[in-house]
Amino acid sequence: MKKLTTFISIILIISIYVLVFAGCGGTETGEKKQPEEAAKGEADQEKSDDEVVVRLDTNDEGYPQPFTHHARGPGRSKMRLIFDSLLERGENGHIPWLAKDWEVSEDGTEYTFYIREGIEWQDGEELTAEDVAFSFEYYQDHPPVDISEPVVFDILEDIEVLDDYKVKMTTERAHAPYVLEAGEMRIIPKHIWEDIDDPQQFTDEEAVIGSGPYKLKEYNEEHSTYEFEANPDFWGPKQKVDVLQYRPVSDEVMALENNDIDQAEIPEDVLQRFEDDPTYEIAERPGVWAYRLRINFDNVSWLNEQKARQALAYAIDRENIINTVARGAGIPGNMGLLPPDHHMHNPDVPEYEHDPDKARELMEKADVIDNNEEVSVEIIVGDDQEEVRMAELLRQDLREIGIDLEINSMDSQARDSQSKEGNYELAIMGHGGWGDDPENYFSIRFDDAKEGTGIYGGIPGYENEDVDLIREKQREELDEEKREELIKQVQEIWAEDIPEIPLYYVTGHYVYNKDVYDNWTFVYNHHSIDQHKITYLDRDDEIFEEDK
């Protein structure tokens, strides 16, 4: 027994020696954990067996308050975990949220919202109609990042607090989707923001006090990590997830298989690995996120000729792009713009099947090419492999009709910036929002170009008086069926005129570890399974009754 004790003691001493010097060696050589490893280690230390902890991939998406988060969906969704709106998107439509009800006057110019009583901000102060009115007034002077519909403020004439829980908005004219657009604006606490003159510089802890189901526990800009914890005093449906942890991973497939994250969008060619494993569930995403080919009419004069644009539509093999780039996970773009999964989609517009002969015929009629010499045009794309490959396929297709495409790949944020500023000839742009109200298309495609607003900058140089006339009618048409008919007319015009070319609507699959969390869902008209707060909430709550 003494020999065994001595042997164990020697082993322990050697082990301690090795551990100590191994640790010192790392320090002496300056070795550091990679951000991904460091973040994982910190997160795992804090995980408790009693908590439902969901881990997701991310990049840095900015500080999650309404003026500092990044513009795209991943940044917006983190901010929305903290900040509520009057309405929220459910699985089948918009549902009452901070507002328990609302009324619209017969002429469509007065909107009265009834605010729920007893709602508290995350610092314990009560949320009232004063906060709602303040938010809209503050946004008029300080536009938030998440404002796809500036018209909400442009046509707002007056906002009146009728009592602590009732607020009325008066607009200069009827605007059919006003309730939904105003309903999605985030409400901020007056008692915190009323003295803030520069909201982009306000990054104190108070800046992330909202009324939503989650509180920001930690944000590390250097490591691009976030941690949100359930708000114990949340007024609404109970949270099904206690902690949400976001960290960057280099390979989502491997990270999911290694249990580093719990849900991921998986490429089609490796989906089989998860179909055969009972640990995972698979969800198919709707096609309301798309890539489009943008045209700058100011910078490419020959594309002002309609036949030249139609030639491009015939020349581009959109099926081949889907099969090559997305491994079949997509729906070819249609020239009416609205995707087949949109509730106002017009299925009767021309489809522009791939037809190089027809494309060449139209190019000749457009009289674009002189003496059989190619015309050259630059296209800007993001730097990810999919977009670069997409541009290469476009170059291959367009060369057949005498167009030489010069590909300029850059960081995606630089591409977005150049696109917004109109500093391009052609551009490939991928983004969501294709399932939103059609008026969103009107403003993004047309108003933004004129006014220099919006995330993407519209379609520089494009005008269509017929679209403008129908637009004016549809936005004041409060009868939904009549409005839908007008929207379908617009799609017919677009399909003929082709102000831009939708390349394809992205479908594909999300895979999640059902042993960790199995309550994932999509919301109405959105492509993502993880970018909406209701996916983390108890949907048996009565607030979702109208959504069933």
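A few words on the pairing of strand β4 (residues 99-104). Summarising the sheet, β4 and strand β5 (residues 110-115) pair through five bridges and their orientation is antiparallel. In the sheet register, Asp101 faces β5, and the bridge partner there is Tyr114. The loop that links β4 with its antiparallel partner β5 comprises five residues; one of these, Gly108, has a positive phi angle of about 70°.

What follows deals with empty space enclosed by the protein. Tallied over the full model, the rule gives two cavities of 30 Å³ or more. As for the largest cavity, its lining consists of Ser77, Arg80, Leu81, Glu88, Arg186, Gln531, His532 and Lys533. Here the element with the most residues in the lining of the largest cavity is helix α3 (residues 73-82); it accounts for three residues. Of the residues in the lining of the largest cavity, the class split is one nonpolar, three polar and four charged. Quantified by volume, the second largest cavity comes out at close to 40 Å³.

This paragraph deals with the pattern of salt bridges. Applying the stated criterion across every chain yields a total of 26 salt bridges. A salt bridge links Lys514 to Glu281; its shortest N-O distance comes to 3.6 Å. Of this pair, Lys514 sits in the segment after β19 (509-513) while Glu281 is found in strand β12 (residues 280-284), placing the two residues 233 residues apart along the sequence. For Lys514, a relative accessible area of 31% gives the class partly exposed. Take Glu281: its relative accessible area is 33%, and that puts it in the partly exposed class. Salt bridges sharing common partners tie together Arg72, Glu387, Arg415 and Asp416.

The next subject is the sheet that holds β5. Across the sheet, four strands lie side by side as β4-β5-β7-β6; this open sheet has antiparallel pairing. Since the sheet does not close on itself, it has two edges, and those belong to β4 and β6 (156-163), each with one partner. Put simply, the sheet's adjacent strands are angled 20° from each other on average, direction ignored. Two elements, β5 and strand β7 (residues 166-171), share five bridges in a ladder whose sense is antiparallel. When the sheet's bridge partners are listed, Thr112 is paired in β7 with Lys168. Across the sheet, helix α4 (residues 129-141) is in contact with β5, β6 and β7; its angle to β6 comes to roughly 165°.

Positioned with a positive phi, Leu337 is a non-glycine residue whose angle comes to about 75°. Checked against the element boundaries, Leu337 lands in the loop between β14 (330-332) and α12 (356-366). Its identity is not glycine, yet Asn525 carries a phi of approximately 60°, on the positive side. In this fold, Asn525 is placed in the segment after β19.

Here we come to the sheet that holds strand β1 (residues 53-57). The four strands lie next to each other as β1-β10-β9-β8, forming an open sheet whose pairing is mixed. Across the chains shown, the open sheet's two edge strands, defined by having one partner strand only, are β1 and β8 (214-220). Neighbour-to-neighbour, the strand axes of the sheet open up by a mean angle of 15°, direction not taken into account.

The rules behind the values
Residues numbered from 1 in each chain as written. Predicted model: local features only at pLDDT ≥ 70, side-chain atom pairs only at ≥ 80, totals over all residues. Heavy atoms only, no water. Pairing = 2+ DSSP bridges. Helix = DSSP H or I, 4+ residues; strand = E, 2+ residues; numbered from the N terminus. 1 Å grid on protein atoms, 1.4 Å probe; cavity = no way out; pocket = protein on both sides within 12 Å on 5 of 7 lines; lining within 4 Å. Points joined across faces, edges and corners; volume = space filled by probe spheres on them. Nonpolar A, V, L, I, M, F, W, Y, C, P; charged D, E, K, R; others polar. Salt bridge = Lys/Arg side-chain N within 4 Å of Asp/Glu carboxyl O. Buried < 20%, exposed > 50% of the residue type's maximum accessible area, 1.4 Å probe, protein only. Axes fitted to C-alpha atoms, helices over the stretch in contact; angles between N-to-C directions. Contact = heavy atoms within 4.5 Å.

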